[in-house]
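# Structural description and commentary
Residues per chain, in single letters:
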Amino acid sequence: MSSDVCTKVRETDTDIDTDADRERRMQAVFSANAQPLYYFLLRLTRGQREVAEDLLQETMLRAWRRLPDLPDEAEMVRRWLFIAARYLAIDAARAKSSRPTEVYGVDVSWAPAPDGAYDDLLNRFTLADALRKLSPEHRTVLVELYYGDASAAEAAARIGIPEGTVRSRSFYALRAARGILSGVDEMV
């Protein structure tokens, strides 16, 4: 019985390649198949080079782990590699579709804030700054007309000036405010 165990041990010893033999075989497998496999993976990943490179690396790692089990014929090895790479690409696509989309470096400045709160606040600060830059007479007329929601006659009565003067001041005040605000737009 001990002789049977010894022969089995000797058979397994001869089946195991040395590390140098494994490296040479893997180098041969890699150099014969890496480029066509990369192009195949590039098509499967729709031109995503980084993903194709990762899948190529994973395919070669699987080949390294199963090197003693790989067939001896080069054509069979290539077939095994392409099948393994295809399954890896399918698994990667499924994993990616099950995760939320990753957003990096995407310009979201065009997206409005909820309910436009940020824009409203920014508009109020810009308008308040523009009003401060107007003359007191122009500012008073615009505040009465637009913030006080008064007509020209009502604003004239509140301020104590003729209605024509209110209309004239509002015209020139709006013109001056547009000039101030256009300067703000140019700075942005």
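What comes next is a walk through the structure. (Residues numbered from 1 in each chain as written. Predicted model: local features only at pLDDT ≥ 70, side-chain atom pairs only at ≥ 80, totals over all residues. Heavy atoms only, no water.)

The biggest cluster of nonpolar side chains holds 20 residues, and the ones touching the most others in it are Leu37, Leu41, Leu56, Met60 and Leu81. Of all the elements in the fold, those that place two or more residues in this core are helix H2 (19-44), helix H3 (49-65) and helix H4 (74-98). A per-element tally of this core places H2 first, with eight residues. Discounting residues that sit within four places of it in the chain, Leu41 has contacts with Ala52, Leu55, Leu56, Ala85 and Ala89. Within the second largest apolar cluster, eight residues are counted, among which are Leu145, Ala152, Ala155 and Ile161. (Core = buried A, V, L, I, M, F, W, Y, C linked by side-chain atoms within 4.5 Å. Buried < 20%, exposed > 50% of the residue type's maximum accessible area, 1.4 Å probe, protein only. Helix = DSSP H or I, 4+ residues; strand = E, 2+ residues; numbered from the N terminus. Contact = heavy atoms within 4.5 Å.)

Here we come to the packing of aromatic side chains. The geometry of an aromatic ring pair is captured by two quantities: the separation of the ring centres and the angle between the planes. Counted under the stated rule, the structure contains three aromatic pairs. Aromatic side chains Tyr38 and Tyr39 sit 5.8 Å apart centroid to centroid with 55 degrees between the ring planes, which places their arrangement in the tilted category. For Tyr39, a relative accessible area of 42% corresponds to the partly exposed category. Ring centres of Phe40 and Phe82 lie 4.9 Å apart, and the angle between their planes is 50 degrees; this geometry places the pair in the tilted category. Highlighted residues: Phe40 in helix H2 and Phe82 in helix H4, separated in sequence by 42 residues. Phe40 sits in the buried class, given a relative accessible area of 17%. Geometry around Trp64 places Arg22 over its ring, the cationic atom sitting 4.7 Å from the centre. (Phe/Tyr/Trp six-rings, centres within 6.5 Å; stacked < 30°, edge-to-face > 60°. Lys NZ or Arg CZ within 6 Å of the ring centre and 35° of its normal.)

Every buried residue of helix H7 (residues 152-159) is listed here: Ala152, Ala155 and Ala156. Projected onto a plane normal to the axis of H7, the buried residues spread over an arc of 100 degrees and lie on a single side. Among the exposed residues of H7, those pointing more than 90 degrees away from its buried face are Ala157 and Arg158. Downstream of H7 by one or two residues, Gly160 has phi in the positive range, about 90 degrees. (Arc of directions from axis to C-beta.)

Function cannot be read off these values alone, since they describe shape.
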